[in-house]
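A closer look at the structure
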Amino acid sequence: MTDFTMTKDADGVATIVWDTVGKSMNVMSRESMAQLSELAEQALADDAVKGIIITSGKDTFAGGMDLNVLASIREESGDNPEQGLFDFTMNGHKMLRRLERAGMDPKTNKGGKPIAAALPGTALGIGLELPLACHRIFAADNPKAKIGLPEIMVGIFPGAGGTTRLVRKMGAMAASPLLLEGKLNDPQKAKAAGVIDEVVPAEELLAKAKEWILSEPKIVKPWDEKGYKMPGGTPYHPAGFMTFVGASAMVNGKTQGAFPAAKALLSAVYEGALVPFDTALKIEARYFTNILMNPSSSAMIRSLFINKEALEKGANRPAAPDQKVKQVGVIGAGMMGAGIALVSALAGIKVVLIDSTQEAADKGKSYTTTYMDKGISRKKATPEKKEAVLGLINATTDYDALKDCDLIVEAVFEDPGVKADVTAKVQAVTGPDCIFATNTSTLPITELAKASNDPEKFIGIHFFSPVDKMLLVEIIKGKATGDVAVAKALDYVRQIRKTPIVVNDERYFYANRCIIPYINEGMRMVQEGVAPALIENAARQLGMPLGPLQLVDETSIDLGAKIAKATKAAMGDAYPDNDVDEIIFWMFDEGRLGRKSNAGFYEYDEKGKRQGLWQGLAEKYPHAEDQPDLITVQHRLMFAQVLEAVRALEENVLEDIREGDVGAILGWGFAPWTGGPFSWLDMLGSAYAAERCDHLAARFGPRFSTPALLREMADKGQSFYKRFAGEAKAA
Ligand code: NAD
């Protein structure tokens, strides 16, 4: 059995069908690439063949390259992995270039056989780069299909000619959202953007492609013709000049130079635009190799592609029968409950949404109405879909309506008494198999479970705000939580298409536990007289989406003040002397609560648009004469987070470093280019990391002390991924 097969019909049209054996979606491997090449050569050499259709045997075209291939090439290439990767990339270019030239005379461009790509559905990565090398791209009118080049999302860029071809086909300006943001389009939009050529009814896909082949079309690509001019202009053309200057500023503004792939992509596009097509491909291959050799790309691929998918597929799911949720009860229709009801209904799950008044319950449901209306205005939803989704949500105050629910997610006020009360009220009506989950962000699950009549069925399902946008869900096991509850939570998270991590119950669980020290370190530096702009810029240049002070403004000062008060109350004398409480309570007293009060560490205009940093801060905390260097500020911000992740692992809050890495990026936006805290520490090397901690601890205090685990790893010369994730697990 092979992934590519070919048939020829009586009219001389050869159809090559891609159907990856044993997978639901086509992915390109080294073997399948060789098969495609061989079949294409056969067809091109066969006098009886007039043209070729390349299509798929599945209802999608392809999901892209098997990213494990790139890792294996690097490993197989011994002490010269760059050469191995470059040769592999250039072989791909040669193969696709032969398809593109299709036997044409190199001088006259005469002859050659038309090749059509016929896409029944989704075409991503090399699944679009291959069609771009063909002469015409037909796509079935399938609104669910996604077409694009998402490579940048995992720290690489399109390296099978997609970068060079797309820019030459559309111009740098039009290609930039597709290449730099990995924007995906449905077929109609992809056609409007000029990525593909025709959208046809699904049942006519092959017939239309064949009709085109038999029409003896002109197949030479514009860039292979004399006098070709790149749309929008090359870098030295006045219009092109503006594009490239603008793009460079935009990319650096957005990424702060922290994403090597974005920089390399831009260089490949710029330099490629100055030279003939085949040289441009070579330049693309060189930058692609460079990026594949950067540890950031392998870490990003590992966390954001391989491990994220493994977690979504239930890598840490205990063995238990299918626990798919049929009806969920959401208690508390506030900000979180409204979002949880929305994402559940969008996944087709029936929802009972409860609040203490009908008005509050209705208000929670109206969040879904607003969301769907927005979708309709953006043509992403239809009025029928809106009705169907709303029809799944029963907003009520009546607890009896919960009796058929198999999962409850409680999102009432963050108050143990209120939560205990709700738990008892719910359990008075639900059946014995119903799993009860709390969305608490700060209260220990084991404590809350004491209010339950069956702690084995009690669990934490911690969503992040805003629920509909945030991809991570943290599942927290209390001391008594049983396997079925964990399986239920995981199956539910899978239904609503989010990424789960499963952690054990300790204060702040995992994500909040790591982000709080980041925020605190930022505020502590303000108190020390470090310039707030230095702190914020240092964080952004690390690739953090928000500086710590901006993050406080977004989450609000009073939340910080509330958490500090609650923690103090809960811990009593054991409460660590938290020197940032001073600045939090001061900001609170000044009424600078953050974005919601239009005043925080930043100033805001009357429309709520963020302006510069608040000057009043410098009056209270004057800038020190000696400012620290950038690296010191960055290391303080980074180690504040990653050491907490290491401690979470030491304390068994985290059971799997993959969850620590994936959860950090999806949960709080931890510098994605690193692949996560453990990947970043592996990049530094445990010995250097421990040395930095010793240095920071000596200068700034014991919160930076090297954790015993890291010290041991430094002594043994170990890395996290070698020590904690066996080859199969680490992928
Ligand atoms: P919220 O104040 O917006 O909503 C709480 C809702 O619960 C209100 O509508 C309230 O009327 C309702 N409620 C209170 N007592 C009730 C009762 N006895 N019966 C029924 N309904 C009741 O709060 P929120 O921000 O949505 O947070 C809810 C929970 O989610 C809290 O436990 C919070 O810690 C957690 N959480 C919040 C965030 C966040 O960013 N806001 C993130 C993760 C988790």
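Residues numbered from 1 in each chain as written. Predicted model: local features only at pLDDT ≥ 70, side-chain atom pairs only at ≥ 80, totals over all residues. Heavy atoms only, no water.

UniProt marks residues 327-505 with the feature "domain: 3-hydroxyacyl-CoA dehydrogenase NAD binding" (unreviewed entry), using the numbering shown here. The span residues 327-505 is 39% helical and 22% strand by assignment, and the distance between its end C-alpha atoms comes to 26 Å. (UniProt positions renumbered as here; feature names shortened; annotations may be inferred. Helix = DSSP H or I, 4+ residues; strand = E, 2+ residues; numbered from the N terminus.)

For the pair helix 5 (residues 162-170) and helix 11 (residues 277-293), the least separation of the axes is 9 Å and the interaxial angle reads 135 degrees. By the angle between their directions, the pair helix 5 and helix 11 is classed as oblique. Residues Gly162, Thr163, Thr164, Arg165 and Arg168 of helix 5 form the contact with helix 11, whose participating residues are Phe277, Ala280, Leu281 and Glu284. Among the residues forming the contact of helix 5 with helix 11, the class breakdown is three nonpolar, three polar and three charged. (Axes fitted to C-alpha atoms, helices over the stretch in contact; angles between N-to-C directions. Parallel < 35°, antiparallel > 145°, perpendicular 65-115°, else oblique. Contact = heavy atoms within 4.5 Å. Nonpolar A, V, L, I, M, F, W, Y, C, P; charged D, E, K, R; others polar.)

Next up on the list: the nonpolar core. Core analysis: the largest hydrophobic core is formed by 186 residues, its most contacted members being Ile54, Tyr510, Ile583, Phe601, Phe639, Phe678 and Phe720. Looking at this core, the element that brings in the most residues is helix 25 (residues 630-650), giving eleven residues. Discounting chain neighbours no more than four positions away, the residues touching Phe678 are Tyr510, Ala645, Val646, Leu649, Leu654, Ile657, Gly660, Asp661, Phe720 and Tyr721. Within the second largest apolar cluster, 35 residues are counted, among which are Ala341, Ala345, Val467 and Val502. (Core = buried A, V, L, I, M, F, W, Y, C linked by side-chain atoms within 4.5 Å. Buried < 20%, exposed > 50% of the residue type's maximum accessible area, 1.4 Å probe, protein only.)

This part takes up the sheet that holds strand 8 (residues 136-140). One open sheet holds the six strands; their spatial order is 1-2-4-6-8-10, and the pairing between them is mixed. What marks the edges here is a single partner per strand, and that holds for strand 1 (4-8) and strand 10 (198-200). The mean angle between the axes of side-by-side strands here comes to 25 degrees, regardless of whether they run parallel or antiparallel. (Pairing = 2+ DSSP bridges.)

Let us look at the packing of aromatic side chains. Applying the stated criterion across every chain yields a total of 16 aromatic pairs. Judged by centre distance (5.8 Å) and plane angle (90 degrees), the rings of Trp586 and Tyr621 are edge-to-face. Of this pair, Trp586 sits in helix 23 (residues 581-589) while Tyr621 sits in the loop between helix 24 (616-620) and helix 25, placing them 35 residues apart in sequence. The two residues Trp586 and Tyr621 agree in class, both being buried. Among the aromatic residues, those joined into a cluster by ring pairs are Phe4, Trp18 and Phe61. The lysine or arginine in question, Arg302, covers the ring of Tyr721, its NZ or CZ lying 3.4 Å from the ring centre. The ring of Tyr602 is capped by Arg610, whose NZ or CZ atom sits 4.8 Å from the centre of that ring. (Phe/Tyr/Trp six-rings, centres within 6.5 Å; stacked < 30°, edge-to-face > 60°. Lys NZ or Arg CZ within 6 Å of the ring centre and 35° of its normal.)

Let us look at unusual backbone geometry. For the peptide bond that leads from Ser465 to Pro466, omega is -5 degrees, which places it in the cis range. Mapped onto the secondary structure, Pro466 falls in the loop between strand 16 (458-463) and strand 17 (472-477). In the Ramachandran plot, Ala102 falls in the positive-phi region, its phi being about 50 degrees despite a non-glycine side chain. On the secondary structure map, Ala102 appears in the loop between helix 3 (81-101) and strand 6 (115-119).

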